[in-house]
Amino acid sequence: TRRTVCVDMPKRSQSPQRNALPSWETNPLPPGVTPEVANDIMELAGLVGREGLGERQPAKGFMLIAGDKDRLMSTGENSVGNYGDPKYNRFKDGGLEVTVREFLDKREVRTEVLPCFGMDKAMIFDGQTGRILANKYGVSDISQGDKRAGTKLQAASAIAQKGFFAIKVSEDGCMPGGNPDGEMLVFAGTKKYFKHPIKTQEYPEAMVKFSKRMKLSEAQLKQVLQAFEEVGVSCPDDCAKLDDEEIDSACKDWPRLVRNKFTDAR
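Remember, predicted model here, so these are calculated numbers, not experimental data. (Residues numbered from 1 in each chain as written. Predicted model: local features only at pLDDT ≥ 70, side-chain atom pairs only at ≥ 80, totals over all residues. Heavy atoms only, no water.)

**Things to note about the environment of E183**
- Within the secondary structure, E183 sits in strand β6 (residues 183–188).
- Note: C-alpha distance between E183 and I198 (15 residues apart in sequence) is 5.1 Å.
- Leave out the neighbours within four places in its chain, and E183 touches K195, H196, P197 and I198. (Helix = DSSP H or I, 4+ residues; strand = E, 2+ residues; numbered from the N terminus. Contact = heavy atoms within 4.5 Å.)

**Let's talk about the confidence of the model for the protein chain**
- Per-residue confidence for the protein chain gives a mean pLDDT of 78, with 64% of residues at or over 70.
- Considering only residues more than four positions removed or in separate chains, one finds that residues 1–19, a stretch of pLDDT under 50, has 48 contacts. (pLDDT = per-residue confidence, 0-100.)

**Some words on the packing of aromatic side chains**
- All told, the structure shown has 5 aromatic pairs when counted by the stated rule.
- Arranged with centres 5.9 Å apart and planes meeting at 45 degrees, the rings of W24 and F194 form a pair that is tilted. Taken together, the residues W24 in the segment before α1 (35–51) and F194 in strand β7 (residues 194–197) connect sequence positions 170 residues apart.
- Given a relative accessible area of 4%, F194 falls into the buried group.
- Ring geometry for F62 against F117: centres 5.2 Å apart, planes inclined by 75 degrees, an arrangement best described as edge-to-face. (Phe/Tyr/Trp six-rings, centres within 6.5 Å; stacked < 30°, edge-to-face > 60°. Buried < 20%, exposed > 50% of the residue type's maximum accessible area, 1.4 Å probe, protein only.)

**Concerning the sheet that holds strand β4 (residues 132–139)**
- With mixed pairing, the 7 strands of this open sheet are ordered in space as β2-β4-β3-β1-β5-β6-β7. The sheet terminates laterally at β2 (81–82) and β7, the two strands that pair on one side only.
- Examined bridge by bridge, β2 and β4 share 2 bridges and lie antiparallel to one another. Of the residues in β4, the one forming a bridge with G81 is V139. (Pairing = 2+ DSSP bridges.)

**Comments concerning the nonpolar core**
- Counting residues in each nonpolar core, the largest one holds 38 residues, and the members touching the most others are L64, F103, F117, F165 and I167.
- When residues of this core are traced back to their parent elements, those giving at least two are α1, β1 (62–67), α3 (100–105), α4 (107–113), β3 (122–126), β5 (165–169) and β6.
- Ranked by the residues each element gives to this core, the list is headed by α1, at 8 residues.
- Setting aside chain neighbours within four positions, we find I167 in contact with I41, M42, A45, F62, M63, L64, M184, L185 and V186.
- Grouped together as the second largest cluster of nonpolar side chains are 21 residues, M63, L72, A166 and L185 included. (Core = buried A, V, L, I, M, F, W, Y, C linked by side-chain atoms within 4.5 Å.)

Right, here's the structure in full:
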């Protein structure tokens, strides 16, 4: 019988902008990884796990690794991993130079990057800037990782112990069509992990209905709700009732900041 290992989850932030993601103030991250990048990567993992690759196609299950750029990209004798021939790396300098925050905020970036989550191995990130460095990344030595729950978990555990931040999401936790109670396993520079839910946060029902009709992603919906919070007003209860012809005129009555956010999200 396989056993899993977990530890208590770090203290959670109360900021609504982070969807109750962890605060790292009392739970140090590995060197080379900022709290902002770690939280953005967790947000990315939840988004891909929930929404899949598009057209109701779930992701395969995936691993994300963040840390020192030079160590991750090194191809020398002491490299911690390998992403194959550099000329085939679509995220190389001069190629698709995007960050995890751009993935969360921009639909066109997600369109380019999401197919990578149907491929094997890991995606790696610069822990300081959040830039995507490569995908199809294999960890060189997994021998020191947790051996009790599959090779991906073992690889995430192993590389975390070398000073990296890693997340593993199993295939059966990916939606649509997956487990609605699925969890990501987060290794904050340690052999052990803590669990964090993949499922979405609670949103006002009216805004959920509204965003579905407008085909907004969750990241775009969060932009609109954040704008309401910043100007100190509540989401209008009748926004779900608007038909397509009424949307623009309704937006004119919203505070300017909300109107601009909504226009950007569309």
